[in-house]
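Observations on the three-dimensional arrangement
So the chains spell out like this:
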Amino acid sequence: MNFKLIYGFDELLQAGWADFIASHPDGTVFQSPKMYELFSATKQMKPVVVGLADAGNGALKGILSGVIIREMNGPAGYFSSRTVIYGGPLLDPGLADKGQILHLLLRELIREVKSRSIFIQFRNFNDQKDHREIFHESRFKLRDRLNLIVDTSSAEIVKKNMSASRIRQIKKGLELGAVYRAPKNTEEVRAFYEILKDLYRFKVKKPLPDWDFFEHFYRLTEENRLGIIRLVEYRDQIIGGILSPVTPGKTIYEWYVCGLDHEYREVHPSVLATWAAIEYAIKNNIPRFDFMGVGLPDRKYGVRDFKARFGGKMVNYGRFARINNRTVYIVSEIGYNLLVWLKKI
């Protein structure tokens, strides 16, 4: 079979991009045209996509869709640049030689981004063990990373797997008068973002997308095209929330979540925010809730302990990573630590 490479949003749409993602057993919202639109609308982000089609009939046979992220503008932005592929490669399940397709896609991805990002990272949503050798040939290393998947196929299963203390916290927060709901307007989303920004600045100490990312995500959720945002309200104040992309009929994801847990200990806003997305999954026939990472297996991680009380299965699909420029990577690590320090000031 002869193949042709396809680049660009419009050309891939014509090749059946959306249908390919929707029908693929491992397809997710992160590899979809909708997510490409979100990344395109965000200043810190530049979407990247490479497809491979049958040269004869034009049918799509494989795709890599991700994003180049930079924390700063201008030349200095290169020192914070990375390419992230959420969910890994998607290859036609009917192909006899998937390795050949993957090899071509990786080659083109590297060519496209190696001068624009310091490293490439695949955040796997499933086991990619059959492709490890192909990744290794392209100088990717597989690094351990735990994740937690909650079975949301029914309310009974969720409550059976959830800890008794977590169930009590949800019940207590609601009894005290807290509610979780969709945003009424952009201002409410902004209130959620401000809580999240303080959390990332003082506690998480990791980069957070600028406001335009959350604003555009909200606009897409209004059109029912990308996922949901749920806010926790207590005494007429937004005290937490969650931003969750959705792959219809498959998975809902916890991408960003926060709550004023110190100020409202008895209400448990972070617990209610997470529960809001889990309950959405139950009510909308979405059988999986994906926490999108719970740390390294050999390191203690309080967030992992917090999330594990919602129940679920711990998995280690790992992340493939490739450093494009090792010298700049080392310098950027120093710069990143400096950036974290500056954000705390």
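The following refers to the structure shown.

The subject of this paragraph is helix α10 (residues 269–283). With 15 residues, α10 extends 21 Å between its outermost C-alpha atoms, agreeing within 8% with the 21 Å of an ideal straight helix rising 1.5 Å per residue. Among the 15 residues that make up α10, 14 are buried, leaving the element largely enclosed by the rest of the structure. Immediately downstream of α10, the backbone of asparagine 285 shows phi near 55 degrees, a positive value.

Okay, the packing of helix α8 (residues 186–204) against helix α9 (residues 211–222) next. The relative placement of two packed helices comes down to the angle between their axes together with the axis-to-axis distance. Where α8 contacts α9, the axes come no closer than 10 Å and their chain directions differ by 140 degrees. If you check the angle between α8 and α9, you find them oblique. Note on packing geometry: the crossing formed by α8 with α9 is right-handed. Between α8, through Thr186, Val189, Arg190, Phe192, Tyr193 and Leu196, and α9, the contact on the second element is made entirely by Trp211, Phe214, Glu215 and Tyr218. Residues of the contact of α8 with α9, tallied by class, amount to 7 nonpolar, 1 polar and 2 charged.

As for its placement among the helices and strands, valine 113 is situated in helix α4 (residues 98–113). In this structure, the C-alpha to C-alpha distance between valine 113 and aspartate 210, residues 97 residues apart in sequence, is 22 Å.

Here we take up a positive patch on the surface. A cluster of basic residues, Lys114, Arg139, Lys141, Arg143 and Arg326, forms a positive patch at the surface. By the secondary structure assignment, lysine 114 is in the loop between α4 and β6 (119–123).

What follows deals with the nonpolar core. Ranked by internal contacts, the top residues of the largest apolar core, which has 67 residues, are Phe214 and Trp255. When neighbours within four sequence positions are excluded, tryptophan 255 is seen to be in contact with Phe30, Met35, Leu38, Phe39, Tyr86, Phe213, Leu243, Pro245 and Met292. In this structure, Val48, Leu52, Ile85 and Leu105 belong to the second largest nonpolar core, which totals 22 residues.

Moving on, we get to the environment of alanine 41. Mapped onto the fold, alanine 41 is located in the loop between α3 (33–40) and β2 (45–54). Among the residues examined, alanine 41 registers a relative accessible area of 30% and is labelled partly exposed. It is 30 Å that separates the C-alpha atoms of alanine 41 and glutamate 279, two residues lying 238 residues apart in sequence. Those residues in contact with alanine 41, other than ones at most four positions away along the chain, are Asp212 and His216.

This brings us to the environment of aspartate 212. Relative to the elements of secondary structure, aspartate 212 occurs in helix α9. Here the alpha-carbon distance between aspartate 212 and leucine 38, two residues 174 residues apart in the chain, equals 9.7 Å. With sequence-adjacent residues up to four places away left out, aspartate 212 is seen in contact with Ala41, Thr42 and Lys43.

About the criteria used
- Residues numbered from 1 in each chain as written.
- Predicted model: local features only at pLDDT ≥ 70, side-chain atom pairs only at ≥ 80, totals over all residues.
- Heavy atoms only, no water.
- Helix = DSSP H or I, 4+ residues; strand = E, 2+ residues; numbered from the N terminus.
- Expected span 1.5 Å × (residues − 1).
- Buried < 20%, exposed > 50% of the residue type's maximum accessible area, 1.4 Å probe, protein only.
- Axes fitted to C-alpha atoms, helices over the stretch in contact; angles between N-to-C directions.
- Parallel < 35°, antiparallel > 145°, perpendicular 65-115°, else oblique.
- Left-handed = near helix turned anticlockwise from the far one by under 90°.
- Contact = heavy atoms within 4.5 Å.
- Nonpolar A, V, L, I, M, F, W, Y, C, P; charged D, E, K, R; others polar.
- Patch = residues over 30% accessible without salt bridge, like charges linked within 9 Å, V, L, I, M, F, W, Y side chains within 5 Å.
- Areas by Shrake-Rupley, 256 points an atom, 1.4 Å probe, with all protein chains shown as cover.
- Salt bridge = Lys/Arg side-chain N within 4 Å of Asp/Glu carboxyl O.
- Lys, Arg positive; Asp, Glu negative; His and termini not counted.
- Charge placed at Lys NZ, Arg CZ, Asp CG, Glu CD.
- Core = buried A, V, L, I, M, F, W, Y, C linked by side-chain atoms within 4.5 Å.

Taken by themselves, the reported measurements are silent on function.
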